[in-house]
Amino acid sequence: MTTEAIEESGMVFGPYPSGQCFYIEKSACYQQVQNGVKMAEFWLLKEQKDDPNPTVWIVEAKSSCPRDYTAYMQEVRTKLVNAFLLGVAVCVGRHPCAMTELPQAFRDLNLAAAKFQLVLVIREAPDKALVMLQTALRNLIAPITKTWPPM
């Protein structure tokens, strides 16, 4: 969908090679369902030479850490899970409007073999908070990890 850099939360991501990034937050299908649906920024296809199965990074960007970690982490979880679900729905053709903007690499993605990595990027966070946030996110997404186990 985009080969241009993505600016979110005071950070610049990319640019990425053509066909490797799906800017889901700016997609037509998200525009149709966005009312009441929070969304992460983008999907990034990461292919490794030594692994035939690509990893899809689902990226959420935040500028800082608030004092209320519970609400913050719940919002992050919601955005990442919604992006996972919407992205998979787009890949399997449940949102035909997005098929014209979905890169071919994602249309060809073998969802059964693909790995998914939910990624939170925080521009400004104290080092001690990062460990706590990582643990909290890992615990919050445990049900997703259990229902979508790695191959």
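Right, let's walk through the structure included here. Everything numeric in this text was worked out from a predicted model, so none of it was measured.

### Regarding the overall build of the protein
Argument step 1. Scanning the protein from terminus to terminus reveals five helices and six strands.
Argument step 2. In the protein, the succession of α and β elements from N to C terminus is β-β-β-α-β-β-α-α-β-α-α.
Argument step 3. Its C-alpha atoms give the protein a radius of gyration of 15 Å, within 12% of the compact-globule value 15 Å for 151 residues.
Argument step 4. Its C-alpha atoms give the protein principal-axis dimensions of roughly 40 × 30 × 30 Å.
Argument step 5. Expressed as a percentage of its 151 residues, the buried residues of the protein come to 43%.

### Let's talk about the nonpolar core
Argument step 1. Core analysis: the largest hydrophobic core is formed by 35 residues, its most contacted members being W43, V56, I58, F106, L109 and F116.
Argument step 2. Elements with a contribution of two residues or more to this core: helix 1 (28–33), strand 4 (42–48), strand 5 (51–64), helix 2 (69–91), strand 6 (115–124) and helix 4 (127–140).
Argument step 3. Residue contributions to this core peak at ten residues, all from helix 2.
Argument step 4. Non-local contacts of F116, meaning those with residues more than four positions away in its chain, are made with W43, T55, V56, I58, F84, V88, L111 and W148.
Argument step 5. Membership of the second largest hydrophobic core comes to eleven residues, among which are I6, V59, A61 and V119.

### With respect to the environment of C91
Argument step 1. Here C91 is to be found in helix 2.
Argument step 2. Looking at C91, the relative accessible area reads 11%, which means it is buried.
Argument step 3. Taking the C-alpha atoms as reference points, C91 and L111, 20 residues apart in sequence, are found 8.4 Å from one another.
Argument step 4. If we ignore the near neighbours within four places in the chain, the residues touching C91 are W43, L102, F106 and L111.

### Regarding the pattern of salt bridges
Argument step 1. Under the defined criterion, the tally for this structure stands at six salt bridges.
Argument step 2. K62 is paired through a salt bridge with E60; the nearest N and O atoms lie 3.9 Å apart. As far as the burial class goes, K62 and E60 line up, both buried.
Argument step 3. When salt bridges that share partners are traced, they join E60, K62, E75 and K79 into one network.

### Quick notes on helix 2
Argument step 1. Along its 23 residues, helix 2 runs 32 Å from first to last C-alpha, staying within 8% of the 33 Å computed at 1.5 Å per residue.
Argument step 2. After helix 2 finishes, the residue G93 shows a positive phi value of roughly 85 degrees.

### A short note on the pairing of strand 5
Argument step 1. Pairing of strand 4 with strand 5, which is carried by six bridges, proceeds in the antiparallel orientation. Pairing of L45 across the sheet is with V56, part of strand 5.
Argument step 2. From the end of strand 4 to the start of strand 5, which pair antiparallel, there are two residues.

Rules used throughout
Residues numbered from 1 in each chain as written. Predicted model: local features only at pLDDT ≥ 70, side-chain atom pairs only at ≥ 80, totals over all residues. Heavy atoms only, no water. Helix = DSSP H or I, 4+ residues; strand = E, 2+ residues; numbered from the N terminus. Rg over C-alpha atoms; globule rule 2.2 N^0.38 Å. Buried < 20%, exposed > 50% of the residue type's maximum accessible area, 1.4 Å probe, protein only. Core = buried A, V, L, I, M, F, W, Y, C linked by side-chain atoms within 4.5 Å. Contact = heavy atoms within 4.5 Å. Salt bridge = Lys/Arg side-chain N within 4 Å of Asp/Glu carboxyl O. Expected span 1.5 Å × (residues − 1). Pairing = 2+ DSSP bridges.

Nothing here speaks to function; it is all geometry.
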